Amino acid sequence: MVEMKVIPGPASLELGVRIAERLGVAFYPAVHRLFPDGESYIRIKAPLRGEIATVVQTMFPNPDKSLLQLCLMADAARDAGAKEVICVVPYLAYARQDKRFLDGEALSLKTLSKLLGASGVDLLVVVDVHEEEALEGYCNEAGIQVKNLSAMPDLAEYLKQNGFEGAYSLSPDVGAVDLARDAGTVLGGEVGFFTKERDLHNGEIVMVMRDLDVQGRDVGVFDDIVSSGGTTAMAIRGLKKQGVGRVAAACTHGLFIGNAMEKIIEAGADIIVSTDTVGSPLSQVTVADLISSFLKGKY
Ligand code: R5P
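So, here's what we can say about the structure. Counting restarts for each chain, with residues numbered from 1 along the sequence as it is written. This being a predicted model, a pLDDT of at least 70 is required before a residue's local features are given, and a value of 80 or more before pairs of side-chain atoms are given or counted; all residues contribute to the totals for chains, interfaces and linings. Side-chain numbers here rest on the full set of heavy atoms in the structure, without hydrogens or water.

1. Digging into the layout of surface pockets
Of the volumes computed, that of the largest pocket is approximately 1,200 Å³. Lining the largest pocket we find 33 residues, and of these R96, H130, D173, K196 and D224 sit closest to its centre. Numbering of helices and strands runs from the N terminus; a helix is a DSSP stretch of H or I covering at least four residues, while a strand is a stretch of E covering at least two. Residue assignment for the lining of the largest pocket shows that the elements contributing at least two residues are strand 7 (145-149), helix 6 (177-187), strand 10 (195-198), strand 12 (219-226) and helix 7 (230-241). Gly is put with the polar residues, along with every residue not named as nonpolar or charged; the nonpolar set is Ala, Val, Leu, Ile, Met, Phe, Trp, Tyr, Cys and Pro, and the charged set is Asp, Glu, Lys and Arg. Grouping the amino acids of the lining of the largest pocket by side-chain chemistry returns nine nonpolar, ten polar and 14 charged. Both site types are read off a 1 Å grid over the protein atoms alone. A 1.4 Å probe that fits but cannot get out defines a cavity, while an open set with protein on both sides within 12 Å along at least five of seven lines defines a pocket; lining residues have an atom within 4 Å of a point. Grid points are joined across faces, edges and corners, and a volume is the space filled by probe spheres set on the points. Each pocket or cavity is described by its volume, and for the second largest pocket that value is around 250 Å³. Lining the second largest pocket are 14 residues, and of these A11, E14, D276, V278 and G279 sit closest to its centre. Tallying contributions element by element places helix 1 (residues 13-23) first for the lining of the second largest pocket, with four residues. When grouped by side-chain class, the residues that make up the lining of the second largest pocket number six nonpolar, five polar and three charged.

What follows is the structure, encoded as structure tokens:
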């Protein structure tokens, strides 16, 4: 049996409990309330001396608040004598700003890593983070180990169970082609990608639709994040022009901001599915098994 205590944070109460149940360990939801001025109060009521403390806290829909609460929980667990502090952050916000694109920009991923390191985090467990290498680099500098888990096989399994066995796996951008490859190992079909480029005239992002062998075939579009839905919708429109069969849109982190879902449906998606790293009505796949299996294997 794993010797640890799970502390579900305010942003991940249900997922934290699911992970603890699968591990067969006790869980102690962090006590949380807001002061009248909006500050977060956090208290961990768990005996942690000499224990492994696993804090679970995703970072959407309130990334700033969730981040600070995460730091408060990690630091409180450390102060309470935990021998190891693990932070499971299923959706890690601030991960897309992993480079300085313009002079003077804050390098969010670096700052986030420093904050977590200063809060006493030993191990950061994330799911399909945007740039794994960049996260590892900054976290290691801050004294944090990183484990990035892929939810793609589980998303692909869901699609397989829903009639997409043998479907083509597509990534809407070459940067995410590894995700499509992971999915392809489960679906069994071919794997391909479109590319996103910046239009040199107006600075807008355009998708370059390469001709793919998809006519009449079912396709799964796999991405790490669906935010505004624009990327997935563009990819589906490109596929439709190439005469595809049914289309599934799958993502790990379904933020679905504004009318994202409608955009993807209007583009022609037959199924949309995401995981519960961020809860929504489309979170049909849980990452609790993925995370608990990793923790079981490690401890
Ligand atoms: C970007 O590189 C990511 O992998 C996603 O493709 C992007 O965040 C999706 O954003 P949206 O849904 O707003 O197009």
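2. Examining the pattern of salt bridges
Pairing of side chains with opposite charge becomes possible as their charged atoms draw close. For salt bridges, the criterion is a side-chain nitrogen of Lys or Arg within 4 Å of an Asp or Glu carboxyl oxygen. For the coordinates displayed, the defined rule picks out ten salt bridges. Between E51 and K5 there is a salt bridge, and its shortest N-O distance comes to 3.1 Å. Placement of E51 in the loop between strand 3 (40-43) and strand 4 (52-56) and of K5 in strand 1 (residues 4-8) is noted, with a sequence separation of 46 residues between them. Categorising residues by exposure relies on relative accessible area from a 1.4 Å probe, with only protein chains included: less than 20% of the type maximum marks a residue as buried, more than 50% marks it as exposed, and the intermediate range marks it as partly exposed. Taking the relative accessible area as the measure of exposure, E51 reaches 22% and is therefore partly exposed. When the shortest N-O distance is used, the salt bridge between D178 and R181 registers 2.8 Å.

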